[in-house]
Amino acid sequence: MAGIKALVGLSFSGAIGLTFLLLGCALEQYGVYWPLFVLIFYVLSPIPTFIARRLSDDTDSSSNACRELAYFLTTGIVVSAFGLPIILARKSAIAWGACGLVMTGNAVIFLTILGFFVVFGGGDDFSWEQW
């Protein structure tokens, strides 16, 4: 039952993050949908970690090069997701208020993704591999 509660909590926080993103696009004073390109980063960010967990073995307690590369690539994707709204706002493609809403949505969504890996990545009886 604890896994279901965690899943409901993560889905609720993901919905809040997407709400911030859509508010940054759809409010009347902003009205530009360029910030929706950060959705690509939301999809891409967990992929390196999924691949690294599938390819690496957990018998080694020392650092694993495959996982370290996955962390590096994930960090680059997350930094790019935070950088895109700033660049769009500096070029006056979006308003600074929209940039703030998108950055808030980014923080909530990426914390939700991190929470997913913390809750379901342990390898216990209820893991992300079931999904």
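For clarity, every value in this text was computed on a predicted model and none was experimentally measured.

### Focus: a nonpolar patch on the surface
Working step 1: A contiguous nonpolar surface patch, about 790 Å² in accessible area, is contributed by Trp 34, Phe 37, Ile 40, Val 43, Leu 44, Ile 47, Ile 51 and Leu 55.
Working step 2: Looking at the nonpolar patch, the elements with two or more residues in it are helix H2 (38-44) and helix H3 (47-55).
Working step 3: Tracing the sequence through the fold places Phe 37 in the loop between helix H1 (2-26) and H2.

### A closer look at the packing of aromatic side chains
Two descriptors summarise a pair of aromatic rings, namely the distance from one centre to the other and the angle between the planes of the rings.
Working step 1: Summed over all chains, the structure comprises 6 aromatic pairs.
Working step 2: A ring pair is formed by Phe 82 and Phe 110, whose centres lie 6.0 Å apart and whose planes are at 40 degrees; its orientation type is tilted. Here Phe 82 is found in helix H4 (residues 65-90), whereas its partner Phe 110 is found in helix H5 (residues 96-120), with 28 residues between them in sequence.
Working step 3: Residue Phe 110 is classed as buried on the basis of its relative accessible area, which comes to 11%.
Working step 4: Members of the aromatic cluster, each reached through a chain of ring pairs, are Phe 50, Phe 116, Phe 117 and Phe 120.

### Things to note about the side chain of Thr 112
Working step 1: Looking at the element boundaries, Thr 112 is found in helix H5.
Working step 2: On the basis of relative accessible area, Thr 112 is assigned to the buried category, the value being 12%.
Working step 3: Once you skip the residues sitting within four places of it in the chain, Thr 112 turns out to touch Leu 10, Ser 13 and Gly 14.

### A few points about the packing of H3 against H4
Working step 1: The contact between H3 and H4 brings their axes to 8 Å, and the two run at 175 degrees. Looking at the two axes, H3 sits roughly antiparallel to H4. Counting all contacts with H3, which are made through Pro 48, Thr 49, Ala 52, Arg 53 and Leu 55, the residues of H4 involved are Cys 66, Arg 67, Ala 70, Leu 73, Thr 74 and Ile 77.

About the cut-offs
- Residues numbered from 1 in each chain as written.
- Predicted model: local features only at pLDDT ≥ 70, side-chain atom pairs only at ≥ 80, totals over all residues.
- Heavy atoms only, no water.
- Patch = residues over 30% accessible without salt bridge, like charges linked within 9 Å, V, L, I, M, F, W, Y side chains within 5 Å.
- Areas by Shrake-Rupley, 256 points an atom, 1.4 Å probe, with all protein chains shown as cover.
- Salt bridge = Lys/Arg side-chain N within 4 Å of Asp/Glu carboxyl O.
- Helix = DSSP H or I, 4+ residues; strand = E, 2+ residues; numbered from the N terminus.
- Phe/Tyr/Trp six-rings, centres within 6.5 Å; stacked < 30°, edge-to-face > 60°.
- Buried < 20%, exposed > 50% of the residue type's maximum accessible area, 1.4 Å probe, protein only.
- Contact = heavy atoms within 4.5 Å.
- Axes fitted to C-alpha atoms, helices over the stretch in contact; angles between N-to-C directions.
- Parallel < 35°, antiparallel > 145°, perpendicular 65-115°, else oblique.

Functional significance is not addressed by these values, which are geometric in nature.
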